[in-house]
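Okay, here's what each chain looks like letter by letter:
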Amino acid sequence: MIRKLLRKVFRRAGSASPQQPALIPVEQHGIRRDQLSQAACKVCSVLQENGHAAYIVGGAVRDLLTGHTPKDHDVATSATPEEVRALFRRSRIIGRRFKIVHVMSGRETIEVSTFRACHDDDTAETDEHGRVLRDNAYGNQAEDATRRDFTVNALYYDPGRETIIDYHHGVADLRQKTLRMIGDPRARYREDPVRMLRAVRFGAKLDLAIDPAARNPIREMSSLLENVPAARLFDEMLKLLCSGHAVKCLKELRAEGLHHGLLPLLDVILEQPLGERFVWLALENTDERVRQGKSVSPGFLFATLLWHEVLADWEARKGKGEPAQPALFEAMDGVLEAQSRKLAITRRIAGDIKEIWALQPRFDKRNGKAPWRLIENPAYRAAWDFLRLRAQSGEIAMELVDWWQHFAHAGPDERERLLAAAPAAGASPRKRRRRRKPGGREQNGERQASPSVAGGNEGI
Ligand code: ATP
Ligand code: MG
């Protein structure tokens with residue numbers, strides 16, 4: 001009876017589409033409303049009470065169906081952005097390309113978007129390659145579903161009824177572990193080339209095979225990514241790198257030819273021989289942190305990814321006789337500048353990156369007041385973690401890392417003793433290591449890089 005009624009409602013709402021959605025009851029999909037964010041459920045109920053259709057859509061539904069914890073919650077509604085804004089005190093309209101409303105509830109932000117119409121040449125503004133620049137034409141739910149990228153992302157959950165509305169067989173695709181594009185993949189990539197990166201990310205994160213129809217055009221269309229604004233690419237790369245599956249994603253990007261010449265960062269990550277070990281180690285660490293539910297600092301991550309670029313330039317400058325500290329700053333600025341042409345690293349994150357890099361030479365100074373000051377620096381912990389990665393990758397001796405760990409946790413007397421026993425300033429472990437005779441040992445006993453570094457990264 002309810003089903004019949006719903007069908008009737010949807011037939012009316014979805015009259016532009018010949019397609020009838022599948023209504024999947026909770027007995028079949030198993031998602032209870034209390035598994036979703038209470039804030040998102042509340043947003044839906046407020047909208048519904050005010051006569052609008054409203055559903056939780058996208059990543060949260062998909063993630064719960066695959067046993068993942070949703071990262072954030074998106075709501076799709078028949079209400080216009082202005083109508084949504086008027087219903088929630090703590091809300092604001094954002095976006096130019098696509099207007100959406102951010103509704104704040106406690107510490108959560110729910111992204112509320114209005115059902116979109118299907119593209120047609122009259123409503124969407126595109127660039128010369130067909131990329132949609134701006135489109136705020138609203139439509140009904142069926143059209144909205146057709147506008148979404150992958151079938152698994154076009155699932156609408158009604159928290160009131162605990163029902164999933166599925167227009168494009170997304171639930172079946174999830175069961176069959178397939179990532180399928182809605183519509184013609186070539187046309188969808190032309191509209192928005194970032195969908196190629198999203199395909200790789202969702203495939204890796206959800207362990208889905210990208211349907212050949214969506215996979216095949218990627219290689220030949222990859223150059224379209226060049227026209228995507230740097231800020232958008234940065235957002236997408238950040239999502240990819242913080243997905244908990246960065247290693248898998250980057251291997252996939254390389255396999256699809258999506259990295260070459262497109263994003264300088266990816267060239268750096270995937271094609272530099274020198275820092276390869278360091279970068280993969282950093283990515284493995286990040287993935288592990290994400291999987292353990294720990295926070296990941298984008299500044300730290302990008303600092304690791306770009307470090308060997310900086311290091312190479314820094315060494316070259318020092319080789320030409322430039323003083324160490326200014327040479328480091330020149331190298332840092334040069335590397336960030338080269339990246340920012342394609343990938344808009346935000347100013348705040350760039351500040352965090354520089355802070356970590358700039359502290360690295362200060363670990364070499366182990367006398368006087370400098371070490372006391374360094375451990376009080378708010379960025380000390382991040383800088384020390386970075387130092388440890390450098391040691392684990394074999395760039396510097398682990399002895400230096402251990403010394404600082406000791407020093408930071410010791411009492412005043414022990415600290416004085418450590419300072420007295422430390423090598424003189426400027427005698428960095430790297431320099432000493434170069435001079436070491438075969439079979440010789442470090443003063444404090446050099447530790448081998450961790451086993452995961454020694455054997456873990458081949459074949460990537
Ligand atoms: P996650 O939040 O885990 O990154 P998500 O699928 O929720 O995944 P969002 O970027 O939050 O991704 O977008 C929410 C929904 O909006 C998607 O599930 C999809 O339906 C739609 N969407 C987002 N980006 C695009 C795009 N580029 N093209 C078409 N639809 C999109
Ligand atoms: Mg989302």
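This text goes with the structure placed above it.
Residues numbered from 1 in each chain as written. Chains lettered and ligands numbered in written order. Predicted model: local features only at pLDDT ≥ 70, side-chain atom pairs only at ≥ 80, totals over all residues. Heavy atoms only, no water.

A look at the coordination of the magnesium ion (ligand 2)
Stage number 1. Distances from the magnesium ion (ligand 2) to its protein donors, Asp 72 (OD) and Asp 74 (OD), fall at 2.4 to 2.5 Å.
Stage number 2. In this structure Asp 72 comes out as partly exposed when scored by relative accessible area, which is 35%. (Donors = N, O, S within 2.8 Å, 3.2 Å for Na, K, Ca; no water. Buried < 20%, exposed > 50% of the residue type's maximum accessible area, 1.4 Å probe, protein only.)

As for helix α14 (residues 276-291)
Stage number 1. Helix length check: α14 (16 residues) gives 23 Å between terminal C-alpha atoms against 22 Å at 1.5 Å per residue, within 8%.
Stage number 2. Two residues or fewer past α14, Gly 293 is found with a positive phi of approximately 75 degrees. (Helix = DSSP H or I, 4+ residues; strand = E, 2+ residues; numbered from the N terminus. Expected span 1.5 Å × (residues − 1).)

Describing the site of ligand 1
Stage number 1. What surrounds ligand 1 is a group of 18 residues, the closest being Arg 62, Asn 153, Asp 192, Arg 195 and Arg 201.
Stage number 2. Separating a nitrogen atom of ligand 1 from a backbone N or O atom of Asp 149 is a distance of 3.2 Å.
Stage number 3. Within the backbone of Asn 153, a nitrogen or oxygen atom sits 3.0 Å from an oxygen atom of ligand 1.
Stage number 4. For ligand 1, whose unbound accessible area comes to 580 Å², protein coverage reaches 86%.
Stage number 5. Judged by the proximity of its atoms to the pocket grid, ligand 1 belongs to the largest pocket.
Stage number 6. At 5 residues, the largest contribution of residues to the shell around ligand 1 is made by helix α9 (residues 194-206).
Stage number 7. Across the shell around ligand 1, the residue classes tally to 1 nonpolar, 3 polar and 14 charged.
Stage number 8. Shared between two domains, the shell around ligand 1 holds at least three residues of each, these being domain 1 (18-176) and domain 2 (179-262). (Near = heavy atom within 4 Å. Polar contact = N/O pair within 3.5 Å; in protein donor to acceptor, adjacent residues only side chain to side chain. Areas by Shrake-Rupley, 256 points an atom, 1.4 Å probe, with all protein chains shown as cover. 1 Å grid on protein atoms, 1.4 Å probe; cavity = no way out; pocket = protein on both sides within 12 Å on 5 of 7 lines; lining within 4 Å. Sits in = over half its atoms within 2 Å of the grid points. Nonpolar A, V, L, I, M, F, W, Y, C, P; charged D, E, K, R; others polar. Domains from an automatic or database assignment.)

Examining the pattern of salt bridges
Stage number 1. Summed over all chains, the structure comprises 28 salt bridges.
Stage number 2. Between Glu 82 and Lys 99 there is a salt bridge whose closest N-O contact spans 3.2 Å. Of this pair, Glu 82 sits in helix α5 (residues 81-87) while Lys 99 is found in the loop between β4 (91-94) and β5 (100-105), placing the two residues 17 residues apart along the sequence.
Stage number 3. Take Glu 82: its relative accessible area is 42%, and that puts it in the partly exposed class.
Stage number 4. The salt bridge involving Glu 414 is made with Arg 417; its shortest N-O contact spans 3.1 Å. Separated by 3 residues within a single helix, Glu 414 and Arg 417 lie in helix α21 (residues 412-421), roughly one turn from each other.
Stage number 5. Since its relative accessible area comes to 29%, Glu 414 is described here as partly exposed.
Stage number 6. Where salt bridges share partners, they join Arg 32, Arg 33 and Glu 162 into one cluster. (Salt bridge = Lys/Arg side-chain N within 4 Å of Asp/Glu carboxyl O.)

The values reported here are purely geometric and, on their own, carry no functional implication.
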